[in-house]
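# Architecture and fold: a report
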Amino acid sequence: MNIAFISNLPVKSFLSNLFIQYSQTQNLDIEHFMYCTEYDMDAVGISKCQVVVIYLDFHDKYNYLCKDILENKYSRSEAIKIVITQMEQLYGYVKSISNARIIWFGFENFFSEIYQMLGSIRAKFDIIDDINIELFDKLSKENDVLIDLKRIIAQVGQKNSFDLKQYRRWNWPFSRAVNHIIVEEVLKQIRIEQAIGPKCIVLDCDNVLWGGIISEDGIDNIKLGSYGLGKLYKEFQEFLVWMYDFGVILAICSKNNYEDIINVLDNHSEVILKKKYISLIMANWNSKTENILAISKELNIGLDQMVFLDDSLAEIHEIKNRLPDVISLQFNILEAYKFSNLFNLQINDYRKVLDRQSTYLNNKRRMVLKHAVGSYEKYLEELKTSIVILESSENEVARLAELINRTNKFTNGRRYTIAELKDKMKDSSYIFKSIYVKDIYQDFGLVGAIMIKDRNCLDVCCLSCRVLGRRVEEYLINYIKKPEFNVTKLYFKNTSKNNEFLKKVQDEIANLTIL
């Protein structure tokens with residue numbers, strides 16, 4: 001991956017070493033960083049980048065506008081239009097030379113001595129929030145991102161965010177603390193785009209979802225409510241529902257009687273985390289290791305995609321020793337949210353979130369069917385899985401890009417942006433196919449993509465993990481083997497999880513050249 005940084009300030013001098021350091025420690029596949037100003041852009045270099053970061057300093061570029069508003073040379077709306085027009089021109093130019101995803105840092109107005117005289121009032125020349133809102137609307141329509149720089153400064157604290165001596169000497173206003181967060185924020189957006197990080201949180205119940213021990217205290221005496229310590233647990237449950245709404249899978253792993261857990265989830269008047277939000281409940285007296293393995297198998301989620309929270313240090317040590325791929329953290333309600341930065345989440349269409357969550361709930365029904373019918377062959381027959389492969393259309397591009405960039409298991413590792421896919425769809429040398437799957441329990445919709453170049457090179461092949469293990473993979477490979485394609489070459493990039501994909505394809509397609 002190549003990243004370009006466009007700014008009117010000396011970004012390279014203050015951030016380049018941090019970018020290299022952070023990307024290496026986080027094992028992100030970043031090959032090259034480039035830096036340029038908005039007036040001296042390397043169009044060829046930017047066109048080769050997958051991510052373009054834009055940071056323009058308002059104080060350096062537009063501070064005169066605030067004075068002009070005060071002196072009535074411009075109205076607020078006129079001044080906002082001047083800025084937005086120039087930003088749209090820059091944005092349009094970058095989009096015209098590059099298919100990269102754009103990460104744009106919003107403006108901030110904390111770096112000003114004026115408010116030391118005025119106090120913390122809202123002045124008529126405060127136009128930054130209005131500009132940021134318009135920028136957000138523009139960027140979000142193109143699946144690009146606006147970073148809230150004011151939130152970063154608030155996180156560090158205004159007094160600790162700026163270095164005035166450094167600014168006067170080197171024209172860079174931010175302190176080291178802000179520099180680190182800016183770099184981390186860019187890399188977090190890359191991790192979000194690539195779906196790097198856990199997908200599931202596995203929760204103990206006693207002293208995690210509520211205070212106290214349900215088997216000893218009873219439903220009426222556990223701490224869960226609107227006051228005191230119970231309020232902290234209730235707020236934590238609200239946070240977990242937010243995580244569910246963002247697509248995180250919630251599971252329970254508790255040494256308790258199943259009926260006691262269900263009684264709380266269904267009948268406690270203060271419960272926020274209802275049973276409907278939980279994809280799987282393992283409440284019994286088996287070891288936590290056994291139950292987490294069962295959760296992984298039943299929900300078809302890798303152990304490395306799980307975070308386990310338990311208040312017992314002994315249970316945490318057990319999982320760390322026996323299941324080291326699981327991120328295991330001892331829970332303390334006073335530090336309840338410190339695990340949240342492990343997750344890298346997108347704000348998706350809520351209907352897609354519900355559809356994805358229903359997949360895990362329906363997996364339980366499939367497991368019941370599998371045990372009931374006995375043989376695996378009979379199980380597949382009873383599922384009545386339907387697979388349809390169609391020509392891809394432009395209105396599927398966003399979903400195709402999501403699959404291509406977020407699939408890490410059954411994939412050849414090729415990544416493309418939405419804009420790149422649109423360009424290739426116009427290229428007659430490429431064949432695009434979309435894979436749709438459904439069974440008796442659920443219509444999975446669009447779950448896979450094939451892209452073949454010159455009828456002989458498999459450029460993209462990916463399939464969502466939601467439909468693996470029911471012969472969809474074999475059907476897909478057999479489709480690729482059709483004589484009309486004559487596939488002899490495969491582009492492959494290791495994701496650390498797709499070696500099985502490579503082996504399967506090599507076993508099925510003889511004399512395949514790996515690019």
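Residues numbered from 1 in each chain as written. Predicted model: local features only at pLDDT ≥ 70, side-chain atom pairs only at ≥ 80, totals over all residues. Heavy atoms only, no water.

## Points about a nonpolar patch on the surface
Where we set the bar: Patch criteria: residues need more than 30% relative accessible area and no salt bridge. Like-charged residues are merged within 9 Å; nonpolar side chains of Val, Leu, Ile, Met, Phe, Trp and Tyr are merged within 5 Å. Here the open area of atoms and residues is found with the Shrake-Rupley method and a 1.4 Å probe, where only the protein chains shown may cover a residue. Salt-bridge detection follows one rule: a side-chain nitrogen of Lys or Arg within 4 Å of a carboxyl oxygen of Asp or Glu. Helix and strand assignments come from DSSP, with helices taken as H or I runs of at least 4 residues and strands as E runs of at least 2, each series counted from the N terminus.
Side chains of I114, M117 and L118 sit close together on the surface and give an oily, nonpolar patch of about 300 Å² of accessible area. By the element assignment, I114 lies in helix α5 (residues 114-118).

## Things to note about the packing of helix α4 (residues 76-97) against helix α6 (residues 128-141)
This is how it is decided: Interaxial angle, 0 to 180 degrees, is taken between N-to-C directions of lines fitted to C-alpha atoms, where a helix line uses only the stretch in contact. The handedness criterion is simple: a crossing whose near helix is rotated anticlockwise from the far helix by less than a right angle is left-handed, and one whose near helix is rotated clockwise is right-handed. The contact criterion used throughout is that any non-hydrogen atoms of two residues lie within 4.5 Å. Only Asp, Glu, Lys and Arg are considered charged in this grouping, and only Ala, Val, Leu, Ile, Met, Phe, Trp, Tyr, Cys and Pro are considered nonpolar; every other residue, Gly among them, is considered polar.
The geometry of α4 relative to α6 is characterised by a closest axis approach of 10 Å and an angle of 35° between their N-to-C directions. In this structure, α4 crosses over α6, and the sense of that crossing is right-handed. Contacts from R76, I80, V83, I84, M87, E88 and Y91 of α4 reach α6 at D130, I131, E134, L135, K138 and L139. Considering only residue class, the contact of α4 with α6 consists of eight nonpolar, no polar and five charged.

## Topic: the sheet that holds strand β4 (residues 101-105)
Condition: Any two strands are treated as partners once DSSP identifies two or more bridges connecting them.
If you walk across this open sheet you meet the five strands as β2-β1-β3-β4-β5, and the pairing is parallel. A single partner strand is all that each edge strand has here, and the edge strands are β2 (32-36) and β5 (145-147). Each neighbouring strand pair of the sheet contributes to a mean axis angle of 20°, computed without reference to strand direction. Against the sheet, α6 engages β4 and β5, with an angle of about 155° to β5. Across the sheet, helix α10 (residues 176-193) lies against β1 (2-7), β3 (51-55), β4 and β5, angled at about 150° from β4, the strand it touches most.

## Digging into helix α14 (residues 288-299)
The line we're drawing: A helix is expected to span 1.5 Å multiplied by its residue count minus one.
Counted at 1.5 Å a residue, the expected span for α14 with its twelve residues is 16 Å, and the 16 Å between its end C-alpha atoms agrees. Looking one or two residues past α14, N300 carries a phi angle of roughly 55°, positive in sign.

## So, the packing of helix α18 (residues 397-406) against helix α19 (residues 418-425)
Following both chains from N to C, one finds α18 and α19 inclined at 115°, their axes separated by 9 Å at the closest point. The crossing of α18 and α19 is right-handed. Here V397, A398, L400, A401 and I404 of α18 lie close against α19, whose contacting residues are I418, L421, K422 and M425. Across the contact of α18 with α19, the residue classes break down as eight nonpolar, no polar and one charged.

## Let's talk about the sheet that holds strand β6 (residues 200-203)
The strand order β8-β7-β6-β9-β10 describes an open sheet built from five strands, whose pairing is parallel. A single partner strand is all that each edge strand has here, and the edge strands are β8 (280-284) and β10 (327-330). Direction aside, neighbouring strands of the sheet carry axes that sit 15° apart on average. Summarising the sheet, β6 and strand β9 (residues 306-310) pair through four bridges and their orientation is parallel. Bridge pairing in β9 links V202 to F308. Docked against the sheet, helix α12 (residues 228-245) engages β6, β7 (249-255) and β9, running at close to 150° with respect to β6.

## Structural notes on empty space enclosed by the protein
To keep things clear, this is the line we draw: Cavities and pockets are found on a 1 Å grid laid over the protein atoms alone: a cavity is a set of points where a 1.4 Å probe fits but cannot escape, a pocket is an open set with protein on both sides within 12 Å along at least five of seven lines, and a lining residue has an atom within 4 Å of such a point. Grid points are joined across faces, edges and corners, and a volume is the space filled by probe spheres set on the points.
Under the defined criterion, the tally for this structure stands at four cavities of 30 Å³ or more. Lining the second largest cavity are L309, L329, Q330, F331, N332, E335, A336, K338 and F339.

## Some thoughts on the environment of V11
Residue placement: V11 occurs in helix α1 (residues 11-25). Considered as a pair, V11 and Y35 are 24 residues apart in the sequence and their alpha carbons are 7.3 Å apart. Setting aside residues up to four positions removed in sequence, V11 forms contacts with F5, S16, Y35 and W172.

## Some words on the environment of L463
By the element assignment, L463 lies in strand β15 (residues 457-463). Contact partners of L463, with chain neighbours within four places excluded, come to T407, F410, I435, V447, G448, L468, V472, E473 and L476.

## What to know about the packing of aromatic side chains
Aromatic ring pairs are defined here through the distance separating the ring centres and the angle between the ring planes. Heads up, the condition is: The pairing test for Phe, Tyr and Trp rings, Trp by its six-membered ring, is centres within 6.5 Å, and the orientation test on the planes gives stacked under 30 degrees, edge-to-face over 60, and tilted for anything in between. Burial classes follow relative accessibility: with a 1.4 Å probe on protein chains only, a residue under 20% of its type's maximum area counts as buried, one over 50% as exposed, and anything between as partly exposed. By the criterion adopted, a ring carries a charge over it if an Arg CZ or a Lys NZ lies within 6 Å of its centre and within 35 degrees of its normal.
Enumeration according to the criterion identifies 23 aromatic pairs in this entry. Ring geometry for Y479 versus F485: centroids 5.7 Å apart, planes at 50°, classification tilted. Assigned by exposure class, Y479 and F485 land together as buried. An aromatic cluster of at least three residues, connected via ring pairs, comprises F236, F239, F331, Y337, F339 and F343. Here the guanidinium or amino end of R414 rests over the ring plane of Y491, the centre of that ring lying 3.8 Å away.

## Some thoughts on the pairing of strand β14 (residues 443-453)
Of all eleven residues in β14, nine are buried; the element is thus mostly enclosed. Relative to β14, strand β13 (residues 430-438) runs antiparallel, the two sharing nine bridges. Among the inter-strand pairings, I435 is bridged to a residue of β14, identified as G448. Bridge analysis of β14 against β15 gives six bridges, and the strand direction is antiparallel. By the bridge assignment for β15, K453 is matched with C457. Hairpin remark: β14 followed by β15, antiparallel, with three residues in the connecting loop; positive phi at D454, about 55°.

## Concerning the confidence of the model for the protein
Put simply, the rule reads: Here pLDDT means the predictor's own confidence in every residue, given as a number from 0 to 100.
The share of residues in the protein with pLDDT of 70 or more is 93%, and the mean pLDDT across the chain is 87. Summarising per-element confidence for the protein, the mean pLDDT is lowest in helix α16 (residues 350-373) (65) and highest in β9 (96).

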